[in-house]
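What follows is the residue order along each chain.
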Amino acid sequence: MDLRTRLAFLGCVLFLDLVSNVSGNFVFPVEHKFKGKERSLSAFKAHDVRRHRRILSAVDLELGGNGLPSETGLYYARIGIGSPPTDYFVQVDTGSDILWVNCIGCEKCPKKSTLGIELTLYDPKSSTTSKMITCDQDFCTSTYDGQLPGCRPELLCQYNVVYGDGSATAGYFVKDTLHLNKVTGNLKTGSTNGSVIFGCGAKQSGELGTSSEALDGILGFGQANSSMLSQLASAGKVKKEFAHCLDTNNGGGIFAIGEVVSPRVNTTPLIPKQAHYNVVMKAIEVGGDFLNLPSDVFDTSDGKGTIIDSGTTLAYLPNAVYESLMDKVTAQQPGLKLHTVEDQFSCFEFTRNVDDGFPVVKFHFDKSLTLTVYPHEYLFQIREDVWCIGWQDSGMQSKDGKDMTLLGDMVLSNKLVLYDLENEAIGWTEYNCSTSIKVKDESGAVYSVGAHNLSSASTLRIGRILTFLLLPIAMVLLLVL
């Protein structure tokens with residue numbers, strides 16, 4: 001399946017039968033989806049398969065969980081919606097755009113979850129601040145590049161998101177108050193809110209309606225105008241910039257929306273007019289030697305290129321890159337005996353320090369930006385003295401996606417990753433994700449935002465917290481305006 005097919009696409013259909021301003025710095029709690037649960041290795045790969053099919057002023061998100069394949073793999077946040085506010089648990093996703101939650105009267109919506117959370121259906125009638133979005137309103141016409149055929153003022157603006165695995169969510173758009181935690185000083189927050197347009201899920205199908213690890217919805221952090229980030233940015237309330245730092249050493253990490261002033265981060269340009277965070281890779285270095293690869297392996301044409309995606313657990317490489325890299329990685333241990341676990345992972349026994357026995361891998365990008373991945377990051381331990389290799393062959397996962405490079409949490413962890421959408425750039429720097437970063441609001445004030453542990457905090461905080469927007473960790477979001 002081609003990565004394009006696996007990426008989520010947003011289509012609008014008009015179902016005739018379905019009938020504030022933000023200011024300050026904000027925070028909301030986020031939790032790892034599989035926190036505290038034992039997961040098989042194949043479950044992480046299955047998650048990545050589904051994830052790839054879905055790939056579609058500052059804010060601080062508290063995070064929890066751990067991005068290691070041997071521990072956890074997904075993250076979700078708790079947000080408040082409505083007046084009075086009700087809590088909802090949503091998956092944080094940089095690969096899709098809209099925020100949607102399951103709504104009252106939803107067809108085939110999950111009723112319970114094995115994640116230890118209580119699922120809640122949103123009811124627009126129970127909120128005094130909710131407003132229906134009709135098909136003739138600006139949000140609807142701009143989202144779908146014009147007014148829909150058959151639109152009448154009384155008809156609601158519908159959405160229909162279809163994922164490559166066959167799952168789908170359909171419903172209508174609603175405007176209501178989103179409640180966040182505002183950054184008020186160094187490592188301090190207060191309550192605030194703002195109006196956001198989001199999807200009210202009326203029907204779910206496939207994995208979204210049947211998964212036992214169900215959530216109330218998805219919070220998309222993609223680049224489209226319909227995303228929560230874009231809405232707040234277009235209102236002049238936040239900068240269109242966010243960053244995350246995933247901590248595999250202690251769990252949790254940092255996730256923030258806004259201008260990060262410390263640490264300084266070098267960037268590489270994003271490829272324009274792409275649905276996802278696509279970049280130009282120039283070369284791959286293993287143990288100080290550059291891989292000798294076909295000249296077209298780093299092309300950015302259709303079906304090729306490199307995507308940065310913190311919602312993916314592992315890292316996927318085109319076959320030519322994968323085989324060459326694996327040969328170099330294992331060359332330092334000529335007696336290494338690889339065996340296959342769960343029919344897909346190459347594993348081996350090793351009693352010494354893996355950082356002493358295996359080479360460092362470096363990815364080189366446009367504008368001289370380098371992403372360094374250490375052995376202890378691309379190798380993960382499944383039991384004492386048994387390690388598995390996190391590099392995966394894109395061609396073994398999907399015939400159509402065989403030429404795509406997809407870099408997930410495995411290589412992004414323990415780095416501050418910055419998404420600067422205003423300047424169409426992305427970058428990273430190695431960082432201690434259990435510490436703090438500094439963000440600047442519109443007044444010029446600079447605040448420290450630190451890592452948190454959601455599971456050890458109050459009921460408003462679940463799992464290990466990271467202070468800026470993190471995907472693979474339990475999180476809380478802080479917004480600095």
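All figures in this text were calculated on a predicted structure; none of them were measured in a lab.

Asker: For this particular structure, what's the right way to read the pairing of strand S29 (residues 425-430)?
Answerer: Regular strands show a simple pattern: their side chains alternate between the two faces of the sheet. Taken together, the three bridges between strand S14 (residues 267-269) and S29 define a ladder with antiparallel strand orientation. For threonine 268, the partnering residue across the bridge sits in S29 and is isoleucine 426. Pairing of strand S28 (residues 415-420) with S29 involves six bridges; the strand directions are antiparallel. For tyrosine 419, the partnering residue across the bridge sits in S29 and is isoleucine 426. The hairpin formed by S28 and S29 contains four residues between the paired strands, and glutamate 424 there has a positive phi angle of roughly 50 degrees.

Asker: I tried to follow the environment of leucine 148 on my own but got confused; where do I start?
Answerer: Relative to the helices and strands, leucine 148 resides in the loop between helix H3 (138-143) and strand S8 (158-162). What makes leucine 148 buried here is its relative accessible area of 13%. Considering only alpha carbons, one finds leucine 148 and cysteine 135, 13 residues apart in sequence, at a separation of 7.1 Å.

Asker: What is the right way to read the sheet that holds strand S18 (residues 305-308) from this model?
Answerer: Within the open sheet, the five strands sit side by side as S15-S18-S27-S19-S26. Their pairing is mixed. Strands with a single pairing partner mark the edges of an open sheet, and in this sheet they are strand S15 (278-279) and strand S26 (391-393). Bridging between S15 and S18 involves two bridges; their strand directions are antiparallel. Paired with valine 279 across the strands is threonine 306, a residue of S18. Running over the sheet, helix H6 (residues 319-331) touches strand S19 (315-317) and S26 and is turned about 140 degrees from S26.

Asker: Would you mind showing me how to read the nonpolar core here?
Answerer: Of all hydrophobic cores here, the largest spans 81 residues; its most connected members are Ile284, Phe363, Trp391 and Leu407. Among the elements that make up this core, the one with the highest residue count is H6 (five residues). Beyond its immediate sequence surroundings of up to four residues, tryptophan 391 is in contact with Ala315, Leu317, Tyr322, Leu325, Met326, Val329, Val361, Phe363, Val373, Tyr378, Met410 and Val411. Within the second largest apolar cluster, 17 residues are counted, among which are Ile133, Leu148, Cys157 and Tyr159.

Asker: Can you help me understand unusual backbone geometry in this one?
Answerer: Residues other than glycine predominantly adopt negative phi, and peptide bonds predominantly adopt the trans conformation. Between serine 83 and the following residue, proline 84, the backbone shows a cis peptide bond with an omega angle of 0 degrees. By the secondary structure assignment, proline 84 is in the loop between strand S4 (75-81) and strand S5 (86-93). Proline 263 follows serine 262 through a cis peptide bond whose omega is 5 degrees. Position of proline 263 among the secondary structure elements: in the loop between strand S13 (253-262) and S14. With a phi close to 65 degrees, aspartate 385 is a non-glycine residue in the positive phi region. Here aspartate 385 is to be found in the loop between strand S24 (379-383) and strand S25 (386-389). For aspartate 385, a relative accessible area of 28% corresponds to the partly exposed category. Of note, asparagine 414 is a non-glycine position whose phi angle comes to about 60 degrees, a positive value.

Asker: Even after reading the chapter, I still don't get the state of the cysteines, so can you show me in this structure?
Answerer: Cysteine pairs can be covalently joined through their sulfur atoms, and such a bond is termed a disulfide. Enumeration according to the criterion identifies six disulfides in this entry. Paired by a disulfide, cysteine 135 and cysteine 151 hold their sulfur atoms 2.0 Å apart. Because the sign of the S-S torsion sets the handedness, a value of about 95 degrees for the bond joining cysteine 135 and cysteine 151 places this disulfide among the right-handed ones. Taken together, the residues cysteine 135 in the loop between strand S7 (131-132) and H3 and cysteine 151 in the loop between H3 and S8 connect sequence positions 16 residues apart. Cysteine 347 shares a disulfide with cysteine 388; S-S distance 1.9 Å. One quick way to see it: the torsion about the S-S bond of cysteine 347 and cysteine 388 is about 95 degrees, and its sign makes the bridge right-handed.

Asker: Honestly, the packing of aromatic side chains in this entry has me stumped. Any pointers?
Answerer: Aromatic ring pairs are defined here through the distance separating the ring centres and the angle between the ring planes. Taken as a whole and judged by the stated rule, the model has 15 aromatic pairs. Pairing tyrosine 122 with phenylalanine 198 gives two aromatic rings, centres 5.3 Å apart and planes at 70 degrees, and the pair type is edge-to-face. Taken together, the residues tyrosine 122 in the loop between strand S6 (99-107) and S7 and phenylalanine 198 in strand S10 (residues 188-205) connect sequence positions 76 residues apart. Residue phenylalanine 198 is classed as buried on the basis of its relative accessible area, which comes to 2%. Their ring planes at 10 degrees and their centres at 4.3 Å tell us that phenylalanine 242 and tyrosine 419 sit as a pair that is stacked. Of the two residues, phenylalanine 242 is situated in strand S12 (residues 241-246) and tyrosine 419 in strand S28; the sequence distance between them amounts to 177 residues. In this structure tyrosine 419 comes out as buried when scored by relative accessible area, which is 1%. Here the aromatic cluster, defined as three or more aromatic residues joined through ring pairs, consists of Phe221, Phe242, Tyr277 and Tyr419.

Criteria and cut-off values
Residues numbered from 1 in each chain as written. Predicted model: local features only at pLDDT ≥ 70, side-chain atom pairs only at ≥ 80, totals over all residues. Heavy atoms only, no water. Pairing = 2+ DSSP bridges. Helix = DSSP H or I, 4+ residues; strand = E, 2+ residues; numbered from the N terminus. Buried < 20%, exposed > 50% of the residue type's maximum accessible area, 1.4 Å probe, protein only. Contact = heavy atoms within 4.5 Å. Axes fitted to C-alpha atoms, helices over the stretch in contact; angles between N-to-C directions. Core = buried A, V, L, I, M, F, W, Y, C linked by side-chain atoms within 4.5 Å. Disulfide = S-S within 2.5 Å. Phe/Tyr/Trp six-rings, centres within 6.5 Å; stacked < 30°, edge-to-face > 60°.

Honestly, it's all geometry; don't read function into it.
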